[in-house]
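# Notes for the structure review
Residues per chain are reported as follows:
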Amino acid sequence: MTVLAARGLSVHAGRAVLLDEVDLAIAAGELVSIVGPNGAGKSTLLGALAGDRRPTRGAVVLHGRDLTTLSVAELARSRAVLPQRSQLALAFTAIEVVQLAGPTIDRALARRCLADVALEPFADRVYPSLSGGEQQRVQLARVLAQLAASPRAALLLDEPTSALDPRHQRIVLGLARRAAAAGHAVVVVVHDLTLAARWCDRVVLLAGGRLVADGPPGAVFTAPALAAAYETPFELLTGEAGLVVVS
């Protein structure tokens, strides 16, 4: 069942075309990664899918409804979003940041979500005192709490592994995998193609604001397709751990 879809989606900024006629559908239970070079339109696409970026043309449909018809409260119940950067300078503790996900998020749920991202011992630490990677994981815990309160919500993550070491990258993508297994439609923007190959059901490859490939990692990640999109040579290696993409 399709949960989230882009139909002829275009986003312009003045004369610049950030996205050009993108068609995409994400089903319940899918973990889909968006990949592509810098400036390809990955974050723009995720923002449009979240309803945070209004399309110039086309539409985004969530649970059968155009996003532009949903109220702020309906959006909050329908999708959980982790942006690329989350600015928060106030002296909230980590657990209080998680509780910002919604009025129904109690401390017990917030603590469980912090445990999911391996941060329960940091629950009472002041958020600005945490490292960049720890702050990123607190924000992920907040999104997971929102998801727990909204069983049919789509989950949208913009570069959730960018500041993390390999262990915590695996934890984060394992949580994304778990959310998909629970029936959520999950979309994640990643730069590490090997992570996308190992964890995701499908890969959407963007270049120049256009969708140039959409399919299983083994079909999308070919040396010619990646070289054309990224304008650099690639080598693909297959081992016991799966596909490894080397540029």
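The structure reproduced in this document is the subject of the present report. Remember, predicted model here, so these are calculated numbers, not experimental data.

### What about the packing of helix α4 (residues 107-116) against helix α5 (residues 132-148)?
The geometry of α4 relative to α5 is characterised by a closest axis approach of 8 Å and an angle of 130 degrees between their N-to-C directions. It follows that α4 is oblique to α5 by the angle criterion. The element α4 and its partner α5 pack so that their crossing is right-handed. Across the interface between the two elements, Leu109, Cys113, Leu114 and Asp116 from α4 touch Val138, Ala141, Leu144, Ala145 and Ala148 from α5. When the residues that make up the contact of α4 with α5 are grouped by side-chain class, the tally is eight nonpolar, no polar and one charged.

### Remarks on the nonpolar core
With 52 residues, the main nonpolar core has Leu114, Val138 and Phe221 as its most contacted residues. The element that contributes the greatest number of residues to this core is α5, accounting for seven residues. In contact with leucine 114, other than residues within four places in its own chain, are Ala94, Ile95, Val98, Leu119, Glu120, Ala123, Val138 and Ala141.

### Some thoughts on the pattern of salt bridges
Per the counting criterion, the structure on display carries nine salt bridges. A salt bridge links arginine 65 to glutamate 74, with the shortest nitrogen-to-oxygen separation between them at 3.2 Å. Arginine 65 gets classed as partly exposed once you look at its relative accessible area, which sits at 36%. Across the salt bridge formed by arginine 178 and aspartate 116, the nearest N and O atoms sit 2.9 Å from each other. Taken as a pair, arginine 178 in helix α6 (residues 166-181) and aspartate 116 in helix α4 lie far apart in primary sequence, 62 residues in all. Three or more residues are tied together by salt bridges with common partners; here these are Glu30, Arg202 and Asp214.

Calculation criteria
- Residues numbered from 1 in each chain as written.
- Predicted model: local features only at pLDDT ≥ 70, side-chain atom pairs only at ≥ 80, totals over all residues.
- Heavy atoms only, no water.
- Axes fitted to C-alpha atoms, helices over the stretch in contact; angles between N-to-C directions.
- Helix = DSSP H or I, 4+ residues; strand = E, 2+ residues; numbered from the N terminus.
- Parallel < 35°, antiparallel > 145°, perpendicular 65-115°, else oblique.
- Left-handed = near helix turned anticlockwise from the far one by under 90°.
- Contact = heavy atoms within 4.5 Å.
- Nonpolar A, V, L, I, M, F, W, Y, C, P; charged D, E, K, R; others polar.
- Core = buried A, V, L, I, M, F, W, Y, C linked by side-chain atoms within 4.5 Å.
- Buried < 20%, exposed > 50% of the residue type's maximum accessible area, 1.4 Å probe, protein only.
- Salt bridge = Lys/Arg side-chain N within 4 Å of Asp/Glu carboxyl O.

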